[in-house]
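One letter stands for each residue in the lines below.
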Amino acid sequence: MKQKITMIGAGLVGSMMAIFLGKRGYKVDVFEKLPDIRKESISAGRSINLALANRGIRPMQQLGIMDKVETLLIPMAGRMLHDVNGELQFQSYGQKDEEVIYSVSRGGLVSLLRDEAEATGNVTFHFKQGLKSVDYKDNTIELQNEDKSVFHHAFEILLGADGAPSNVRKSFEENNVKGVTFDLLDHSYKELTIPASEDTNRFKIDTNSLHIWPRGDYMLIALPNLDGSFTVTLFLPNKGQLSFESLTNNEAVNDLFISKFKDAAELMPNLGEMFFENPTGILGTIRCEQWHYKNALLIGDAAHAVVPFHGQGMNCGFEDCSELDTLLDKYDDNWKKVMSVYTQARKHNSNAIADMALDNYIEMRDSVRDPKFHLKKAIAFELENKFPNQFIPRYSMVMFHHIPYAQAQSRGEIQADILNKLSNNIEDVQNLDIDKAEQLIKQGLTVLSDADL
Ligand SMILES: Cc1cc2nc3c(=O)[nH]c(=O)nc-3n(C[C@H](O)[C@H](O)[C@H](O)COP(=O)(O)OP(=O)(O)OC[C@H]3O[C@@H](n4cnc5c(N)ncnc54)[C@H](O)[C@@H]3O)c2cc1C
């Protein structure tokens, strides 16, 4: 007899894990504090759309649902950089046709995952029922209904998929589990919308790009939606001369947009209104030393929230699900063993993507404006062609491959050093010293097998 699974949180990761477990024959009860977005019109919460990449796609292929997911996707082949004068520059993410990322609606994807979980016949979602506390002595949880009444539910295995503010993680801390850190970023974000063209729901800016307005200490980005609109996100310091704190009225918001993001401002007629209606979201990194306690386990953001600048939070959470499923196979559903191996396998990788996501904020808002950055990118592509399976640009390792994050991070550091040395005295990739490149690559980087990629 398989144990019954109690899951907290029916977000992206919880809903996907419910499919894996339902397919394995587990009976799963999922408690979600919010209403069901499939039945009630509610905000998708933070980030209306997200970038989906290979690490997030593979688990959906394993589940056999990728043909359905594809209907929700808009490919983005690269960054479209907008300078202050509205001049555009396209920067490809990769150099192979298949090296694209996809914009996907959070609400659309989570609805599809919930449908698929229910279709296993083993998963029951309980909406508007939020976890209050966990009692590990008698293995019960206390939940609260919408009307604030509370009830108890006995659990055998408890999965915390309740996102960054996780109450399951808090229950670990209440039981003296140490090693949880939360580093708040001193920048926050605000979501805005570029509406579709009125005539035929057509896109007002290039559809197949992730748009960036990089401005040094801050930036604006935009991802396309299927209805022709774009979800726009402003990332800005919390305090200081130009910050969320300083934008106190419509005039200040309009001044910022007209002086720094003029071409975007022209596409958002009700900018001031939107700005003050929409919430400002905080950003931060959560790291946990221990992802399990007794018969409870954390997955997704509950264990490892990362800042969104590599577009990997959800992708990493989906990789968690697939890895957990693989370990359940490997250890014959022995949860005690699986929980500890899973924590060891995932922890250093999620810490690595947390670091790389922080690095990528500087790349997106600032480095992309530097001609040296473009030269290094061109050299990296050249080296990838000449030394396949050995030199792979870091962005590609993270977004287009399955090389563990920690390995992508350490190889990326070696590669950054190689690129610094090779770009030092040249202005153009044509002048690349290929013998020197070969020598540096041989010294620093092993050849990866196709299976490692
Ligand atoms: C601005 C922004 C942009 C992002 N862009 C990207 C991107 O492009 N690509 C990408 O891969 N990732 C991105 N992310 C990260 C991504 O949103 C998260 O990694 C992902 O949502 C994590 O999924 P999750 O299911 O673990 O947590 P969540 O999505 O937070 O879901 C947790 C669920 O648990 C529920 N819950 C919470 N507490 C309780 C409780 N006490 N009881 C019951 N239910 C509870 C919540 O209501 C929620 O439904 C972005 C994040 C932000 C903030």
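The structure displayed is predicted, hence computed values, not measured ones.

Asks: I tried to follow helix H2 (residues 54-62) on my own but got confused; where do I start?
Replies: Think of an α-helix as 3.6 residues a turn; residues three or four steps apart then line up on the same face. Of the residues making up H2, those classed as buried are Arg55, Gly56, Ile57, Pro59 and Met60. Just downstream of H2 lies Gly64, where phi reads positive at about 75 degrees.

Asks: Teacher, can you tell me more about the pairing of strand S14 (residues 187-194) here?
Replies: Remember that side chains alternate between the two faces of the sheet whenever the strand is regular. Most of S14 is tucked away: seven of the eight residues are buried. The sheet contact formed by S14 and strand S17 (residues 230-237) spans eight bridges and is antiparallel. Residue Glu191 lies in a different strand from S17, and its bridge partner there is Thr233. By the bridge criterion, two bridges tie S14 to strand S18 (residues 280-281) in an arrangement that is antiparallel.

Asks: What am I meant to see in a nonpolar patch on the surface here?
Replies: Together, Phe182, Leu184 and Ile282 make up a nonpolar patch on the protein surface, roughly 330 Å² of accessible area in all. Among the structural elements, Leu184 can be located in strand S13 (residues 180-184). For Leu184, a relative accessible area of 53% puts it in the exposed group.

Asks: How should I be thinking about the sheet that holds S18 in this particular structure?
Replies: Whenever strands of a sheet pair, they do so through backbone hydrogen bonds, lying parallel or antiparallel. Within the open sheet, the seven strands sit side by side as S6-S5-S15-S16-S17-S14-S18. Their pairing is mixed. This sheet does not close on itself; its edge strands, each paired only once, are strand S6 (88-92) and S18. With respect to the sheet, helix H11 (residues 335-365) is in contact with strand S5 (78-82), S14, strand S15 (209-214), strand S16 (219-224) and S17, its orientation differing from that of S16 by roughly 95 degrees.

Asks: Can you help me understand the sheet that holds strand S8 (residues 123-127) in this one?
Replies: The sheet built from six strands is open, its strands ordered S8-S2-S1-S12-S21-S20 with mixed pairing. Because the sheet does not close on itself, it has two edges, and the strands there are S8 and strand S20 (292-293). Inspection of the sheet shows strand S2 (residues 28-32) paired to S8 by five bridges, in the parallel sense. Each residue of the ladder has a partner; that of Glu32, found in S8, is Phe127.

What counts as what
Residues numbered from 1 in each chain as written. Predicted model: local features only at pLDDT ≥ 70, side-chain atom pairs only at ≥ 80, totals over all residues. Heavy atoms only, no water. Buried < 20%, exposed > 50% of the residue type's maximum accessible area, 1.4 Å probe, protein only. Helix = DSSP H or I, 4+ residues; strand = E, 2+ residues; numbered from the N terminus. Pairing = 2+ DSSP bridges. Patch = residues over 30% accessible without salt bridge, like charges linked within 9 Å, V, L, I, M, F, W, Y side chains within 5 Å. Areas by Shrake-Rupley, 256 points an atom, 1.4 Å probe, with all protein chains shown as cover. Salt bridge = Lys/Arg side-chain N within 4 Å of Asp/Glu carboxyl O. Contact = heavy atoms within 4.5 Å. Axes fitted to C-alpha atoms, helices over the stretch in contact; angles between N-to-C directions.

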